[in-house]
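# Coordinate inspection notes
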Amino acid sequence: MQTELWYTEKQTPNLGLSCKVKETLYFAKTDYQEMAVLDTIQFGRMLVLDGMVQLTVADEFVYHEMISHIPLATHPCPRNVLVVGGGDGGAVREIVKYPQVEKVTLVEIDAKVIEAARRFFPEISSAFSDPRVEIKIADGIEYVRSLESTCDVIIVDSTEPVGPAVGLFGSPFYEGAFRALKPDGIFVAQTESPFFNADLIRTVFRRIKTVFPQAYLYLASVPTYPSGLWSFTLGSKKYNPLEPEGKNIPQDTRYYTAGLHRSSFTLPRFVRDLLADEHCEHES
Ligand code: SAM
């Protein structure tokens, strides 16, 4: 019998996603987290941090397009964009597709993630060489606190709320992001699975809604993330994401379309119900 190597992410204490592995390409303990790069048969290369799948080559496009194009297509002229986390470069790759973007600042706490992205995921980190992109190795919480009325869009492409990412889910960070945005700025953060993280989604939605005049939740289907259904929470000072004003929306997407932009805000009843007390903006 042939020996088989499998990787299992324990998505909950009672559920695992298992992938057959061709090869372990890299393993390291960084100053912040444990990092592995695996070559899986089903999903291709996979980045794992602290035992949690961050991306795979096969399905990363869904998450990176949806965390980037929803805010950028909503804003009529996103010139200055900040990404917190996102050291794999996938969000930046989508952001630089907009000709009106003049500057993208990527603030990643762990330099080793950037190194691994360049080495093992060149198709995802391809925009690191774009002259509009500046990479800063720093804590996104402190970096955001240092800004005032600077950014058009802030995207929080973070790990789950453990370790250095805990503060990225707290009210002080959202208040700092509000101050860091221009008067018509847009904020978006990845906010986990409505099946497994209902309490987190409810709490984060309430916090963002307390800080921003408008708050919205939208969804996308990401096969390798826990439960396969992923949420994003958007806070807006002015623009309504259901009536996107963006120009030059890229056509070279694989998940995002103008129709999907709108439909991703139409929530299943159980998700709508979990935000019910928070007075969801999109009741249709
Ligand atoms: N798409 C992914 C997901 O939802 O699983 C997130 C991917 S990206 C690799 C997440 C990055 O956030 C990690 O590289 C991690 O080092 C970074 N990160 C965590 N906390 C941070 C902080 N406080 N400031 C900046 N980056 C942070």
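Note on numbering: residues in each chain are counted from 1, in written sequence order. Selection of residues for local features in this predicted model requires a pLDDT of at least 70, selection of side-chain atom pairs for listing and counting requires 80 or more, and totals for whole chains, interfaces and linings are taken over all residues. The basis for every side-chain value is the complete set of non-hydrogen atoms in the structure, without hydrogens or water.

### Quick word on the site of the ligand
In this text, near means that some heavy atom of the residue lies within 4 Å of the molecule or strand in question. Around the ligand there are 25 residues in total, and Gln33, Glu108, Gly140, Pro164 and Tyr225 lie nearest to it. For this analysis, a polar contact is any N or O atom pair within 3.5 Å, provided that within protein one partner can donate a hydrogen and the other can accept it, and provided that sequence-adjacent residues contribute only side-chain to side-chain pairs. Gln33 is positioned such that a nitrogen or oxygen atom in its side chain is 2.9 Å from an oxygen atom of the ligand. At 2.5 Å from an oxygen atom of the ligand is found a side-chain nitrogen or oxygen belonging to Glu108. Only the protein chains shown count as covering a residue, and every accessible area follows the Shrake-Rupley method with a 1.4 Å probe. Summarising the interface, the protein chains cover 100% of the accessible area of the ligand, which totals 600 Å² for the free molecule. Judged by its atoms lying within 2 Å of the grid points, the ligand is housed in the largest cavity. Within this scheme a cavity is a closed region of a 1 Å grid, computed over the protein atoms alone, that accommodates a 1.4 Å probe without allowing it to escape, whereas a pocket is open but has protein on both sides within 12 Å along at least five of seven lines; lining residues each have an atom within 4 Å of a point. By definition, a pocket or cavity contains a molecule when more than half of the molecule's atoms lie within 2 Å of the pocket's grid points.

### Some words on the pairing of strand E8 (residues 133-137)
Pairing between two strands requires that DSSP report at least two bridges joining them. A run of H or I in DSSP becomes a helix once it reaches four residues, and a run of E becomes a strand once it reaches two; helices and strands are each numbered from the N terminus. Looking at chain direction, strand E7 (residues 103-108) and E8 are connected through five bridges and run parallel. When the bridges of E8 are listed, Thr105 appears paired with Glu134. Considered for its hand, the β-α-β crossover made up of E7, helix H3 (residues 111-120) and E8 is right-handed. If you view a crossover with the strands going away from you and the path from the first strand over the helix to the second runs clockwise, you call it right-handed.

### Some details on the environment of Tyr255
Among the secondary structure elements, Tyr255 is positioned in the loop between strand E12 (229-236) and helix H7 (258-263). For the exposure calls, accessible area comes from a 1.4 Å probe over protein chains only, and a residue counts as buried if that area is under 20% of its type's maximum, exposed if over 50%, partly exposed in between. We classify Tyr255 as partly exposed; its relative accessible area is 21%. When the C-alpha positions of Tyr255 and Thr24 are compared, they lie 29 Å apart, and in sequence the two are 231 residues distant. Two residues form a contact once any of their heavy atoms are found within 4.5 Å. Look past the residues within four positions of Tyr255 in its chain and what remains in contact with it is Phe61, Val62, Glu65, Met66, Ala220, Ser221 and Leu260.

### Comments concerning helix H5 (residues 171-180)
All of the buried residues along H5 are Phe173, Tyr174, Gly176, Ala177 and Ala180. One side of H5 carries all its buried residues, which in axial view fall inside an arc of 160 degrees. Throughout, the arc means that of the directions going from the helix axis to the C-beta atoms.

### Some remarks on the sheet that holds strand E1 (residues 6-12)
Taken in spatial order, the five strands line up as E1-E2-E3-E4-E5 in an open sheet, and their pairing is antiparallel. With one partner strand each, in any of the chains shown, E1 and strand E5 (52-56) form the two edges of the open sheet. Between one strand axis and the next, the sheet turns by 45 degrees as a mean value, whatever way the strands run. Sheet topology note: the E1/strand E2 (residues 15-29) ladder contains six bridges and is antiparallel. Bridge pairing in E2 places Glu9 opposite Leu17. Here the axes come from fitting lines to C-alpha atoms, over the contacting stretch only for helices, and the angles between their N-to-C directions go from 0 to 180 degrees.

### Here's the deal with the packing of H5 against helix H6 (residues 198-211)
Where H5 meets H6, the axes come as close as 9 Å, and the angle between the chain directions of the two elements is 35 degrees. In this structure, H5 crosses over H6, and the sense of that crossing is right-handed. Across from Ser171, Tyr174, Glu175 and Phe178 in H5, the residues of H6 making contact are Val204, Arg207, Ile208 and Val211. Charged means Asp, Glu, Lys or Arg here, nonpolar means Ala, Val, Leu, Ile, Met, Phe, Trp, Tyr, Cys or Pro, and polar covers whatever is left, Gly included. Classifying every residue of the contact of H5 with H6 by side-chain character gives five nonpolar, one polar and two charged. Crossing handedness is read from the near helix: turned anticlockwise from the far helix by less than a right angle, it gives a left-handed crossing, and turned clockwise, a right-handed one.

### Side note on the environment of Ala127
Mapped onto the elements, Ala127 comes out in the loop between H3 and E8. What makes Ala127 buried here is its relative accessible area of 7%.

### What to know about the sheet that holds strand E9 (residues 151-157)
Spatial ordering of the open sheet is given by E8-E7-E6-E9-E10-E12-E11, a layout of seven strands whose pairing is mixed. The sheet is open, and its two borders are formed by E8 and strand E11 (214-221), each paired with just one other strand. Taking the axes of each pair of neighbouring strands and ignoring which way they run, one obtains an average angle of 15 degrees across the sheet. Pairing geometry for E11 and E12, over eight bridges, is antiparallel. Across the sheet, the residue bridging to Ala215 is Gly235, located in E12. In the packing of helix H1 (residues 60-74) onto the sheet, the strands contacted are strand E6 (80-85), E9, strand E10 (181-190), E11 and E12, and the crossing angle to E9 comes to about 160 degrees. Sheet strands touched by H5: E6, E9 and E10. Its angle to E10, the strand with the most contacts, is close to 140 degrees.

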